[in-house]
Amino acid sequence: MNDTASRTRIGDSIRIPRTAARIGVARRDITPPVGIRAKNWGPADWERSEGAHRPFTLTALAVIGGDGRPRVLLAVDGTWWRRVADERGVRGTILDALGLEPDQLMVSLSHTHAGAVLCAADAHLPGGELIPGYLESLAAAGVAAGRDALDGARPGLIEWTSGRCTLAADRELDVDGRALVGYNPGAPADDTVMIGRLSVGGEVRATLVNYACHPTTLAWQNREVSPDYVGAMRDIVERETGAPCLFVQGASGELAPREQYTGDVGVADRHGRSLGHAVLAALDALPAPGEQLTLEGVVESGAPLAIWAGAPAEAGDAAAGSLTSVELTLRDLPTLDELAEEWKDIDPRSREERLGRARNLREGYIDGPTVQHPVWAWRWGDAVLVAHPGEAYSRLQTTLRARFPDTPILVMNLTNGPGFVYLPTRDAYDRGAYQAWQTPLAPGALDALEQHAVSVVAGLLGR
């Protein structure tokens, strides 16, 4: 018998991390209008969407813990912010309307690459005339859902668990010395799914899913807006649980599906079912809401049988939050003219896409040799959420979870702003990976963010 088993006593329980808080959930449909600009890929020879594969949603989760301060998470089906002004406009409207401080709101984009372009500066381009109105409707949806979630908050529980899903794969492939963005079968990938089950009075009210994988299944061949794999995942989880499912993108800078860059929406749905079944498997391993497995006693049969059964469990209501920033160094940046010269021989559509992204990344974020990169962190009972606007590599989440193994930690890319930039590992720069030459940040940015996040989490946990 091992040491752990020898220490087990009648009445011992298997701890389930949990959060006691007032919780509220509300949703709005934010499906982009047909005809909106949805050109997110250089090779695309079209610019306006021609329909919707699945609905887009904005789901608000309001959590009011022991410190009495409401915190609102908005899980949004959306691409990515191209300009700081657009993000600030949407989030600022929501903050003002809900009466929240900047540290109390996280607006987290799923990062689908088959959604509407979120850039009001593109209003002069085909389909762009619909973007300003869509941004206004996005803000209005955030206000309405956030208010409903806050008004409907009731005492409840969030119970935390994790699962595994092999959808995500490393996407840094070297072919004959050239760094490509595609499935690398020789590299490992983080397959962790973090899950929160929210219940009120024993009834499941929502499921929160945090997974790191680029929604890049659908590409330039697809002319419909789509939440990508997130849509089918959400559908299967909601059908089984009877409650809304919120998805927040993890630290997925170098992670994506093996099979991607297709126009076949069936592939995106297959990917979503893969993740959805992983979520349901993890949920089904939990006892009933509010309970944890307890060793009740022994029944003598042909063998002595240990009887584990669900029993009521306590939950902590500790709550805290912070909004901090970490100083990151910029690399020597080429001018836009130098980039245009460097890319002069590639397809003109792809060149313009690259130049536009480079221009937007710099505006409103870069002012001097360093930048202040914001980090939001919330403690909800036994769990901690860490969020930032960039696209960090998965090492950010694996590092935090290794440092705090007994604490469920949800790491969220693409949340709030500014700083919509990649944070790659140092060796990604050495390999000449796309994420390394695209980012304005110098090697070491990910290291600095990791160290800062470890310190922030330790502070929230009182360690």
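Quick notes on the rules
Residues numbered from 1 in each chain as written. Predicted model: local features only at pLDDT ≥ 70, side-chain atom pairs only at ≥ 80, totals over all residues. Heavy atoms only, no water. Helix = DSSP H or I, 4+ residues; strand = E, 2+ residues; numbered from the N terminus. Expected span 1.5 Å × (residues − 1). Buried < 20%, exposed > 50% of the residue type's maximum accessible area, 1.4 Å probe, protein only. Contact = heavy atoms within 4.5 Å. Pairing = 2+ DSSP bridges. Axes fitted to C-alpha atoms, helices over the stretch in contact; angles between N-to-C directions. Parallel < 35°, antiparallel > 145°, perpendicular 65-115°, else oblique. Left-handed = near helix turned anticlockwise from the far one by under 90°. pLDDT = per-residue confidence, 0-100.

Draft legend 1. Focus on helix H4 (residues 229-241). For H4, spanning 13 residues, the distance from its first C-alpha to its last is 19 Å, which sits close to the expected 18 Å at 1.5 Å a residue. All buried positions along H4 are accounted for by Tyr229, Val230, Gly231, Ala232, Met233, Arg234, Ile236, Val237 and Glu238. Lining the buried residues of H4 we find strand E1 (18-29), strand E2 (57-64), strand E10 (203-211), strand E11 (245-249) and helix H5 (265-284). Residue Gly242 follows H4 closely and has a positive phi angle near 70 degrees.

Draft legend 2. The sheet that holds strand E9 (residues 192-200), seen in detail. Spatial strand order, E4-E3-E2-E1-E5-E9-E10-E11: 8 strands in an open sheet with mixed pairing. Each edge of the open sheet is held by one strand with a lone partner, namely strand E4 (105-109) and E11. Direction aside, the axes of adjacent strands within the sheet are offset by 30 degrees on average. The pairing of E1 with strand E5 (residues 154-164) spans 6 bridges and is classified as antiparallel. Looking across to E5, one finds that Arg18 is bridged to Glu159. Packing of H4 onto the sheet brings it into contact with E1, E2, E10 and E11, and relative to E11 it is tilted by some 145 degrees.

Draft legend 3. Local environment of the packing of helix H2 (residues 84-98) against helix H3 (residues 131-151). In the contact formed by H2 and H3, the axes pass within 9 Å of each other and the chain directions differ by 30 degrees. In terms of axis orientation, H2 runs roughly parallel to H3. Judged by the sense of rotation from one axis to the other, the crossing of H2 with H3 is right-handed. Where H2 approaches H3, its residues Asp86, Val90, Thr93, Ile94, Ala97 and Leu98 are matched on the opposing element by Leu135, Ala139, Gly142, Val143, Gly146 and Arg147.

Draft legend 4. Summary view of the confidence of the model for the chain. Per-residue confidence for the chain averages 95 on the pLDDT scale, and 97% of its residues sit at or above 70. Between the elements of the chain, mean pLDDT differs from a low of 53, seen in helix H1 (residues 3-6), to a high of 99, seen in strand E3 (residues 70-76).

Draft legend 5. Looking closely at the sheet that holds strand E17 (residues 383-387). Strand order in the open sheet made by the 4 strands is E15-E16-E17-E19, with mixed pairing throughout. Of all strands in the sheet, those with a lone pairing partner are strand E15 (319-329) and strand E19 (409-412), marking the two edges. Mean inter-strand twist for the sheet, computed between neighbouring axes without regard to direction, equals 20 degrees. Pairing of strand E16 (residues 370-380) with E17, which is carried by 5 bridges, proceeds in the antiparallel orientation. What sits directly across from Trp378, in E17, is Leu385. Its contacts with the sheet put helix H8 (residues 395-403) on E17 and E19, and the angle it makes with E19 is roughly 160 degrees.

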